[in-house]
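Coordinates in review
Listed below, chain by chain, are the residues.
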Amino acid sequence: NIVSLAEIDKLVVEMVDGGTWPAWLNNKPALMRAYKKTTMKDGDGDDWVEKHEFHALLLNIFWFNKLWQIFSHIDTGADRRIDPKEFQAGMSQLGLHLT
């Protein structure tokens, strides 16, 4: 009743390839962050996702992929960094206006 990161990655790829999940959920950096949060913060700190941690994993996969989408949209330089101008423009797009 435990799964590794490799098994989780395989699940995501198969769910996306099978059309069950949307393609934007197959994102390795977001998956790694979801896995780390699940094992280190939501779980017991080991390298495995256990049955009782699986619900948290699914939520984290969705959440970190959604954050990645938003970040990618704000990062107009596509350098995985947000400069102050990109940050301010991104906050405006999210409805937050900085002065």
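Keep in mind it's a predicted model, so treat the numbers as computed, not measured.

**Some points on the environment of Trp63**
Considering the arrangement of structural elements, one finds Trp63 in helix H3 (residues 54–74). On the basis of relative accessibility, which here comes to 47%, the residue Trp63 falls in the partly exposed class. Counting along the chain gives 29 residues from Trp63 to Ala34, while the straight-line C-alpha distance between them is 7.9 Å.

**Here we look at the packing of helix H1 (residues 5–17) against helix H2 (residues 28–42)**
The N-to-C vectors of H1 and H2 enclose an angle of 130 degrees; their axes lie 11 Å apart at closest approach. As judged from the angle between their axes, H1 and H2 are oblique. Taken as a pair, H1 and H2 cross one another with a handedness that is right-handed. On H2, the residues touching Leu5, Ile8, Asp9, Val12 and Val13 of H1 are Lys28, Leu31, Met32 and Tyr35.

**Focus: the confidence of the model for the protein chain**
Looking at the protein chain, pLDDT values average 95 and 100% of them are 70 or higher. Mean pLDDT values for the elements of the protein chain range from 90 in helix H4 (residues 84–93) up to 98 in H1.

**Here we look at the packing of aromatic side chains**
All chains considered together, the criterion is met by two aromatic pairs. On the numbers, 5.6 Å between centres and 65 degrees between planes, the contact of Trp24 with Phe62 is edge-to-face. Linking Trp24 in the loop between H1 and H2 with Phe62 in helix H3, this pair joins segments that are 38 residues apart in sequence. Taking the relative accessible area as the measure of exposure, Trp24 reaches 31% and is therefore partly exposed. Each ring, one from Trp68 and one from Phe71, has its centre 6.4 Å from the other, and the planes form 35 degrees; the classification is tilted.

**Topic: H2**
Between its terminal C-alpha atoms H2 stretches 20 Å, which fits the 21 Å expected from 15 residues at 1.5 Å a residue. Those residues of H2 that sit buried are Pro29, Ala30, Leu31, Ala34, Tyr35, Thr38 and Thr39. Elements in contact with the buried residues of H2: H1, strand E2 (49–50) and H3. The N-cap of H2, judged by a side-chain oxygen 2.9 Å from the amide nitrogen of Ala30 a few residues on, is Asn27.

**Concerning the pattern of salt bridges**
Across all of its chains, the model carries three salt bridges by this definition. Salt-bridge contacts for Asp42 lead to Lys37; the nearest nitrogen and oxygen are separated by 3.0 Å. A relative accessible area of 35% means that Asp42 is categorised as partly exposed.

**Some points on unusual backbone geometry**
Although it is not a glycine, Ala78 adopts a positive phi angle of roughly 50 degrees. Although it is not a glycine, Arg80 sits at a positive phi angle of roughly 60 degrees.

**A look at a nonpolar patch on the surface**
Among the surface-exposed residues, Ile70, Leu94 and Leu96 lie close enough to one another that they form a single nonpolar patch of about 250 Å² accessible area. Along the polypeptide, Leu96 turns up in the segment after H4. For Leu96, a relative accessible area of 47% corresponds to the partly exposed category.

Thresholds applied
Residues numbered from 1 in each chain as written. Predicted model: local features only at pLDDT ≥ 70, side-chain atom pairs only at ≥ 80, totals over all residues. Heavy atoms only, no water. Helix = DSSP H or I, 4+ residues; strand = E, 2+ residues; numbered from the N terminus. Buried < 20%, exposed > 50% of the residue type's maximum accessible area, 1.4 Å probe, protein only. Axes fitted to C-alpha atoms, helices over the stretch in contact; angles between N-to-C directions. Parallel < 35°, antiparallel > 145°, perpendicular 65-115°, else oblique. Left-handed = near helix turned anticlockwise from the far one by under 90°. Contact = heavy atoms within 4.5 Å. pLDDT = per-residue confidence, 0-100. Phe/Tyr/Trp six-rings, centres within 6.5 Å; stacked < 30°, edge-to-face > 60°. Expected span 1.5 Å × (residues − 1). Polar contact = N/O pair within 3.5 Å; in protein donor to acceptor, adjacent residues only side chain to side chain. Salt bridge = Lys/Arg side-chain N within 4 Å of Asp/Glu carboxyl O. Patch = residues over 30% accessible without salt bridge, like charges linked within 9 Å, V, L, I, M, F, W, Y side chains within 5 Å. Areas by Shrake-Rupley, 256 points an atom, 1.4 Å probe, with all protein chains shown as cover.

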